[in-house]
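Chain residues, written in single-letter form:
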Amino acid sequence: MADNELTTRKNDHLDIVLDPLRTRGAQRAGFAAWRFEHCALPELDLDAVDLSASLFGRPLAAPLLIGSMTGGARRAETINRHLAEAAQELGIALAVGSQRVALESGASSHGLTGELRRLAPDVPLLGNLGAAQLVQGYGVDEARRAVEMIEADALIIHLNPLQEAVQPGGDRDWRGVLAAIERLAHTLEVPLVAKEVGAGLSAAVAQRLLDAGVAVLDVAGAGGTSWAAVEAARATTAHQRAVAEAFADWGIPTAEAIQTVRRACPQATLIGSGGIRDGIDAAKAIALGADLVAQAAAVLDSALASPEAVVAHFRVLIEQLRIACFCSGSADLAALAQAPLIRIPA
């Protein structure tokens, strides 16, 4: 695919995701079905609640990852710079969007350079490549270039078969992807993260990925941005639109994906993402089994504005998470993972 076509597609994606009414199906993330058992006697100091975590050997002030949100548009340079500065100030992890455009064009104008590491020297940075590219000419060399480009601590391999299936010109041949991931996992010098992009990981797929050598799983379930809805909004024909719209609600809700993957893979490092609205949803995700929580589309407006706007956004979420810990009697994240959750009858 031509570089300008890829860049145009990424610009379209940004414009559409900035309008949530165009990107959400009826599917919900599933957190509303759960409620914490309130602890009226927490016996805790709210300000001493410990939200610290770690990822790839780097400490985190809170169990948060700024999720992948852009991979090629010119605005990405500004977005990535703002996100890196904010991640460093907040002490949380940052994942970049797909590096395919930067790898194929050699362009450094998308903010995917070593400047990100200079802006965020102390936090985990995660690179990003599409799984489908691994069976279309990409291999260890391209993966190493993606890692070296931003001095990443790990590389995300994003799994987006639904998006590719409904996207004009999408990558439709996924034969051999798991074997390619396994080869990469056993060759690349940094860990791999396997991430869905909004349709969720099942327990069976999660186990296959772990068996292949993937170090971290991001369930990225249904309930946030629907990439089928995004592609329906981009469609140029009635046929394309009708096909994509039918899948706007496809996928495993995030809360269900977290719970089922944790049950099947108790030792896995698990990121919960997809429709995390606030710190209470983040707390529920951790109580259901996530080690960390990611947000992407919810912070995109802030990322376009300034680092300060991103910091302000996450400070609200962090304070909500801290209060959720306090009012569930949880002194730290390990206690939060055991906090009682009550299932609300449908």
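What counts and what doesn't
Counting starts from 1 at the beginning of each chain's written sequence and moves along it residue by residue. Residues qualify for local features only when their pLDDT is at least 70, as the model is predicted, and side-chain atom pairs are given and counted only at 80 or more; totals for whole chains, interfaces and linings, by contrast, use all residues. Derived side-chain values reflect all non-hydrogen atoms in the structure, with water molecules and hydrogen atoms excluded from consideration. An axis is simply a line fitted to the C-alpha atoms; with a helix, the fit covers only the stretch in contact. Between two such axes, the angle follows the N-to-C directions and lies from 0 to 180 degrees. Going along the chain from the N terminus, every DSSP run of H or I of four or more residues is numbered as a helix, and every run of E of two or more is numbered as a strand. An angle counts as roughly parallel when it lies under 35 degrees, as roughly antiparallel when it exceeds 145, as roughly perpendicular when it falls between 65 and 115, and as oblique in every other case. What makes a crossing left-handed is the near helix being turned counterclockwise from the far one by less than a right angle; a clockwise turn instead makes it right-handed. Contact definition: two residues touch when any of their heavy atoms are within 4.5 Å. UniProt positions are given in the numbering used here, feature names are shortened, and annotations may be inferred rather than shown by experiment. Relative accessibility thresholds used throughout: buried, under 20% of the residue-type maximum; exposed, over 50%; partly exposed, between the two (1.4 Å probe, protein chains only). Nitrogen and oxygen atoms within 3.5 Å of one another constitute a polar contact, given that in protein one can donate a hydrogen and the other can accept it, and given that sequence-neighbouring residues count only through two side-chain atoms. As used throughout, the charge tally considers Lys and Arg to be positive and Asp and Glu to be negative, leaving His and the chain termini uncounted. Salt bridges are identified by distance alone: a Lys or Arg side-chain nitrogen within 4 Å of an Asp or Glu carboxyl oxygen. What makes a nonpolar core is a set of buried Ala, Val, Leu, Ile, Met, Phe, Trp, Tyr and Cys residues whose side-chain atoms join them at distances within 4.5 Å. If DSSP finds at least two bridges between two strands, the strands pair. The path from the first strand over the helix to the second decides the hand: if it runs clockwise while the strands point away from the viewer, the crossover is right-handed.

Chemist: Outline the packing of helix α12 (residues 279-288) against helix α14 (residues 307-327), supporting the account with residue identities and numerical values.
Modeler: One can describe the packing of α12 onto α14 by two numbers: an axis separation of 7 Å at closest approach and a directional angle of 55 degrees. As judged from the angle between their axes, α12 and α14 are oblique. In the crossing of α12 with α14, the sense of the turn from one axis to the other is right-handed. Contacts between α12 and α14 involve Gly279, Ile280, Ala282 and Ala283 from the former and Leu317, Gln320, Leu321 and Ala324 from the latter.

Chemist: Would you mind going over the UniProt feature "binding site: FMN" (unreviewed entry) in the protein chain in detail, with residue names and values included?
Modeler: According to UniProt, the feature "binding site: FMN" (unreviewed entry) maps to Ser68, Met69, Thr70, Ser98, Asn128, Lys195, Thr225, Gly275, Ile276, Arg277, Ala296 and Ala297 in the numbering used here. Tracing the sequence through the fold places Met69 in the loop between β4 (64-66) and α2 (76-90). Those residues in contact with Gly275 that lie beyond four places of it in its chain are Ala29, Phe31, Gly223, Gly224 and Asp281.

Chemist: Describe the UniProt feature "binding site: substrate" (unreviewed entry) in the protein chain, and please don't skip the residues or the numbers.
Modeler: Summarizing the sequence annotation, UniProt attributes the feature "binding site: substrate" (unreviewed entry) to Arg9, Lys10, Ser98, Gln99, Arg100 and Gln163 in the numbering used throughout. Looking at Ser98, the relative accessible area reads 10%, which means it is buried. Among the polar contacts made by the side chain of Ser98, one reaches the main-chain amide nitrogen of Arg100 at a distance of 3.3 Å. In this fold, Gln163 is placed in helix α6 (residues 161-166).

Chemist: Can you lay out the side chain of Lys284 for me, pointing to particular residues and giving the numbers?
Modeler: Here Lys284 shows up in helix α12. For the buried residue Lys284, which engages in no salt bridge, the nearest side chain bearing the opposite charge is Asp281, 4.6 Å off. When residues no more than four places from it in sequence are discounted, the contact partners of Lys284 are Phe31, Ala32, Trp34, Arg35, Phe36 and Leu341.

Chemist: Let's hear about the nonpolar core: which residues, and what values?
Modeler: Ranked by size, the top nonpolar core spans 84 residues in total, and within it Ile66, Leu155, Ile157, Ile181, Leu217 and Leu336 carry the most contacts. A per-element tally of this core places α14 first, with eight residues. Counting 13 residues, the second-largest nonpolar core is a separate cluster that includes Ala95, Ala154, Val193 and Ile271.

Chemist: Describe the sheet that holds strand β8 (residues 192-196), and please don't skip the residues or the numbers.
Modeler: Here we have eight strands rolled up into a closed barrel, ordered β4-β5-β6-β7-β8-β9-β10-β11, and parallel in their pairing. Taking the axes of each pair of neighbouring strands and ignoring which way they run, one obtains an average angle of 25 degrees across the sheet. Note: β4 against strand β5 (residues 93-95), two bridges, orientation parallel. Bridged to Leu65 within β5 is Ala93.

Chemist: Can you explain the pattern of salt bridges? Please cite residues and give values.
Modeler: Taken as a whole and judged by the stated rule, the model has 13 salt bridges. The partner of Arg277 in a salt bridge is Asp281, and the shortest N-O contact between them spans 2.8 Å. Classification of Asp281 as buried rests on a relative accessible area of 1%. Salt bridges sharing partners connect three or more residues here, namely Arg58, Arg117 and Asp153.

Chemist: I'd like a rundown of the pairing of strand β10 (residues 269-273), residues and numbers included.
Modeler: Counting buried residues along β10, four of its five residues qualify, which places the element largely inside the surrounding structure. On the question of chirality, the crossover connecting β10 to the parallel strand β11 (residues 292-295) by way of α12 is right-handed.

Chemist: Run through the environment of Ser328, naming residues and quoting values.
Modeler: Looking at where Ser328 falls in the secondary structure, it is placed in the loop between α14 and α15 (333-336). Not counting chain neighbours up to four residues away, the residues in contact with Ser328 comprise Phe36, Glu37, Cys39, Leu336 and Ala339.

Chemist: Explain unusual backbone geometry residue by residue, including any values.
Modeler: One non-glycine residue with positive phi stands out, namely Phe56, at about 55 degrees. Note on placement: Phe56 falls in the loop between β2 (53-55) and β3 (58-60). Residue Phe56 is classed as partly exposed on the basis of its relative accessible area, which comes to 24%. You will see that Glu151, though not glycine, has its phi angle at about 55 degrees, which is positive. Tracing the backbone shows Glu151 in the loop between α5 (140-150) and β7 (154-159). According to the relative accessible area criterion, Glu151 is partly exposed, its value standing at 43%.

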